[in-house]
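Chains, contacts and geometry: an overview
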Amino acid sequence: MRVGVQGEIVDDRDRGPASLTFVVDTSGSMDRDDRLGLVKDSLTILVDELDDDDTVAIVTYDDSSGVVLEPTSVRDRDEILDAIDRLRPGGATNLEAGLREGYALADDAFRRDGINRVVLASDGVANVGVTDPDQLARMIRDDADRGINLVTVGFGMGNFNDVTMEQLADRGDGFYAYVDTEDEAERLFEDELTSTLLTIAKDAKIQVEFDPEVVDAYRLIGFENRGVLDQDFRNDDIDAGELGAGHQVTAIYEVELARGVDLDDRGDIGEVFLRWEDPEDGEVIEIDEDIDLLDVEASWVDTEPDFQLATIVTVFAELMRDNPYADGIDIDDLVQEVDRLSREMTDRDVDDLADLIERAADQS
């Protein structure tokens, strides 16, 4: 079962001015084309998408940190592009120093009428100063409460640290993205980042309540480090996730219906609740939606292609994590399903997914 949330799409022209402070990892581990080289390409792409009223600042860190570019109006594009071009790798990785300097600069450039973001570009590896993700996350919590949110963008493969980047974005009231190719850089920095910088929902929480007479058992797949206790769903002092304009959130549940349940029956499997705080006036809003038993398809082949795609991605992730719940799944069967879907959907991203799953099957 898939539960999806779609954030309101806001035209880039309707957002306020943005104050962006980039914290760029220039340590030795970033000395690769798919790391610092791709960071420079990504920032160059983004500058062309920003408005003249926006400002950009750049902090770098290796053994220590330093300011490469003070907050600069995008009107002075050449000055910003020159600063990006000067980025060079070398040294250890003092992520703590980079974050401290970046947030101090973002505080100086704070715009009460606009969007204030620190954007961390890194492979997530930290080996100097504070390196524990929990300690680093606590360090930025107060800044997030004041309206300076953190976007983390991961670059590179190999010793990339996904956990640190995700936890920092979570505690920094922002979001995490991953870039490994030029195409992905263009998708994020040209098509998505400027619009999604606008937060439309703070502390957003989703809760699903299943009818025990209809559902025997269920399991939420993933979200292990983003869960909120059932009793805390309406506790507005509990920190939760932020939702940006245009963002989509998808949750997949494995559901086992009770014996004797007829899909032709009229009734509900359960109910979905969504609760969030309006960032403009602080009002807490809650809505709910019934999950209708009649929406359940009896056969996999009768489901919508986008549902099948979400399920294939989820199953593949379970296989890659070596989750015991996926022990009965043959990756060759998954290859057949994604190949069929690739032919039906004629979507480049689905083609890339099919290639990825086939490569994994060849190595298994």
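This section reports on the structure supplied with the text. Computed from a predicted structure; not experimentally measured. (Residues numbered from 1 in each chain as written. Predicted model: local features only at pLDDT ≥ 70, side-chain atom pairs only at ≥ 80, totals over all residues. Heavy atoms only, no water.)

**Some words on empty space enclosed by the protein**
- Going through the model one piece at a time under the given rule, you end up with 3 cavities of 30 Å³ or more.
- The space that makes up the second largest cavity amounts to roughly 50 Å³.
- Around the second largest cavity, the lining residues are Asp203, Lys205, Asp236, Arg275, Trp276, Glu277 and Val284.
- Looking at the lining of the second largest cavity, the elements that each hand over two or more residues are β8 (199-210) and β12 (268-277).
- Ranked by the residues each element gives to the lining of the second largest cavity, the list is headed by β12, at 3 residues.
- Looking at side-chain class alone, the lining of the second largest cavity contains 2 nonpolar, no polar and 5 charged residues. (1 Å grid on protein atoms, 1.4 Å probe; cavity = no way out; pocket = protein on both sides within 12 Å on 5 of 7 lines; lining within 4 Å. Points joined across faces, edges and corners; volume = space filled by probe spheres on them. Helix = DSSP H or I, 4+ residues; strand = E, 2+ residues; numbered from the N terminus. Nonpolar A, V, L, I, M, F, W, Y, C, P; charged D, E, K, R; others polar.)

**Notes on the sheet that holds strand β4 (residues 65-73)**
- Overall, mixed pairing links the 6 strands, which are arranged β4-β3-β2-β5-β6-β7 in an open sheet. Because the sheet does not close on itself, it has two edges, and the strands there are β4 and β7 (176-179). Each neighbouring strand pair of the sheet contributes to a mean axis angle of 20°, computed without reference to strand direction.
- In this sheet, strand β6 (residues 148-155) lies alongside strand β5 (residues 115-122) in parallel orientation, the contact comprising 7 bridges. If you follow valine 119 over to β6, its bridge partner there is valine 151.
- Against the sheet, helix α2 (residues 77-85) touches β3 (55-61) and β4, its axis set at about 160° to β4. (Pairing = 2+ DSSP bridges. Axes fitted to C-alpha atoms, helices over the stretch in contact; angles between N-to-C directions. Contact = heavy atoms within 4.5 Å.)

**Notes on unusual backbone geometry**
- A positive phi angle, close to 45°, is found at aspartate 203, a residue other than glycine.
- Within the element layout of this structure, aspartate 203 appears in strand β8.
- A positive phi angle, near 45°, is found at threonine 346, a position not held by glycine.
- Within the secondary structure layout, threonine 346 lies in the loop between α8 (331-345) and α9 (348-363).

**A few points about the sheet that holds β8**
- Read from one edge of the open sheet, 4 strands run β10-β8-β12-β13, paired in antiparallel fashion. With one partner strand each, in any of the chains shown, β10 (241-244) and β13 (284-292) form the two edges of the open sheet. Strand-to-strand twist across the sheet, computed as the mean angle between neighbouring axes with direction ignored, equals 35°.

**Some words on the side chain of aspartate 203**
- Of the buried charged residues, aspartate 203 lacks a salt bridge, with arginine 141 as the closest side chain of opposite charge at 5.9 Å.
- With residues near it in sequence (within four places) discarded, aspartate 203 still touches Ile238, Asp239, Ala240, Gly241, Glu242, Arg275, Trp276 and Glu277. (Buried < 20%, exposed > 50% of the residue type's maximum accessible area, 1.4 Å probe, protein only. Lys, Arg positive; Asp, Glu negative; His and termini not counted. Salt bridge = Lys/Arg side-chain N within 4 Å of Asp/Glu carboxyl O.)

**Considering the pairing of β6**
- Taken across its 8 residues, β6 has 8 buried, putting it largely inside the fold.
- Both faces of β6 are covered, namely the face carrying Ile148, Leu150, Thr152 and Gly154 and the face carrying Asn149, Val151, Val153 and Phe155.
- Following the backbone out of β5, through helix α4 (residues 133-145) and into the adjacent parallel β6, one traces a crossover that is right-handed.
- Looking at chain direction, β6 and β7 are connected through 4 bridges and run parallel. Pairing of glycine 154 across the sheet is with tyrosine 178, part of β7. (Right-handed = clockwise from strand over helix to strand, strands pointing away.)

**Focus on a negative patch on the surface**
- A surface patch of negative charge is lined by Asp31, Asp33, Asp41, Asp48, Glu182, Glu186 and Glu190.
- Put simply, the parts of the chain that give the negative patch at least two residues each are α1 (33-49) and α6 (182-196).
- With respect to the element layout, glutamate 190 can be found in helix α6. (Patch = residues over 30% accessible without salt bridge, like charges linked within 9 Å, V, L, I, M, F, W, Y side chains within 5 Å. Areas by Shrake-Rupley, 256 points an atom, 1.4 Å probe, with all protein chains shown as cover. Charge placed at Lys NZ, Arg CZ, Asp CG, Glu CD.)

None of this, on its own, says anything about what the molecule does.
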